[in-house]
Amino acid sequence: MEARKVAEAERVQLTLPNRVEYLGVARLLVSGVAHRMGFSYDEIEDIKLAVGEACTNAVEHAYEQEEGSLHVECLVYPDRLTITVADQGKGFPVETVGSQLGPLTAQADDDDLEEGGLGLYLIHILMDEVEFHTAAGVSVSMTKYLRRDGVAGDDRTVSNEI
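Just so it is clear, the structure is predicted and the values come from calculations on it, not from any experiment. (Residues numbered from 1 in each chain as written. Predicted model: local features only at pLDDT ≥ 70, side-chain atom pairs only at ≥ 80, totals over all residues. Heavy atoms only, no water.)

Student: I keep staring at the sheet that holds strand β5 (residues 139–145) and nothing clicks. Help me out?
Tutor: Two orientations exist for strands paired in a sheet by backbone hydrogen bonds: parallel and antiparallel. Spatially, five strands are ordered β1-β2-β3-β5-β4 in an open sheet, and the strand pairing comes out antiparallel. The two strands at the open ends of the sheet, each matched to only one other strand, are β1 (10–17) and β4 (129–133). When strand polarity is set aside, the average angle formed by the axes of neighbouring strands in this sheet is 15 degrees. Where strand β2 (residues 69–76) and strand β3 (residues 80–87) come together, seven bridges link them in antiparallel fashion. Residue pairing in the sheet places V72 in a bridge with V85 of β3. (Pairing = 2+ DSSP bridges. Helix = DSSP H or I, 4+ residues; strand = E, 2+ residues; numbered from the N terminus. Axes fitted to C-alpha atoms, helices over the stretch in contact; angles between N-to-C directions.)

Written as structure tokens, this is what we have:
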């Protein structure tokens, strides 16, 4: 079997002030890139929401009232879009992420629900792959696969033989 070639990604980058007024610019960037790639309207809305949540987390938690930058990078592959939102602010223990990803249940007490707090859960359910890195600040990498004919992944494996 022939080894599959790894495609070189096109890179689109944006650096913004770490302020809430610029979050719409990040969403516009990913919307434009996803549209150019051929994602559906619903998929673009999912991507925008996930990126908006990642950016909001950075703005609210990274710099604690200090000035800083928010970096958004889109890596465009033939079959997927990987978006990384990164800051250089204070990190958080990555091992705590798993406890924040559970869905809400009918048994959940309204008093136990925190305002906000659903961002990480939303990111995970809206995107196909999500990774957190905390080496220098926090970096969230989110991947959405391009679906053609309702199927995700590498369609080159489909045989043309009948």
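The rest of the description comes next.
Student: Could you clarify how one ought to interpret the packing of aromatic side chains in this entry?
Tutor: The description of an aromatic ring pair uses the distance of the two centres, along with the angle that the planes make with each other. Considering all chains together, one arrives at zero aromatic pairs under this definition. Taking the ring centre of Y77 as reference, the NZ or CZ of R80 above it sits at 3.7 Å. (Phe/Tyr/Trp six-rings, centres within 6.5 Å; stacked < 30°, edge-to-face > 60°. Lys NZ or Arg CZ within 6 Å of the ring centre and 35° of its normal.)

Student: For this particular structure, what's the right way to read the packing of helix α2 (residues 41–61) against helix α3 (residues 119–126)?
Tutor: How two helices sit against one another is set out by the angle between their axes and by the gap between those axes. Closest axis-to-axis distance for the α2/α3 pair is 9 Å, and the angle between their directions is 150 degrees. Between α2 and α3, the angle falls in the class roughly antiparallel. Crossing hand, α2 versus α3: left-handed. Packed against α2, whose contacting residues are D46, L49, A50, E53, A54 and N57, the element α3 presents G119, L120, L122, I123 and L126 at the interface. Along the lines of polarity and charge, the residues of the contact of α2 with α3 split into seven nonpolar, two polar and two charged. (Parallel < 35°, antiparallel > 145°, perpendicular 65-115°, else oblique. Left-handed = near helix turned anticlockwise from the far one by under 90°. Contact = heavy atoms within 4.5 Å. Nonpolar A, V, L, I, M, F, W, Y, C, P; charged D, E, K, R; others polar.)

Student: Is there a simple way to think about the pairing of β2 in this case?
Tutor: Regular strands place side chains that alternate from one sheet face to the opposite one. Here β2 lies mainly inside the structure; six of its eight residues are buried. Inspection of the sheet shows β1 paired to β2 by eight bridges, in the antiparallel sense. Across the sheet, R11 pairs through a bridge with L75, a residue of β2. Joining the antiparallel neighbours β2 and β3 is a turn of three residues. (Buried < 20%, exposed > 50% of the residue type's maximum accessible area, 1.4 Å probe, protein only.)

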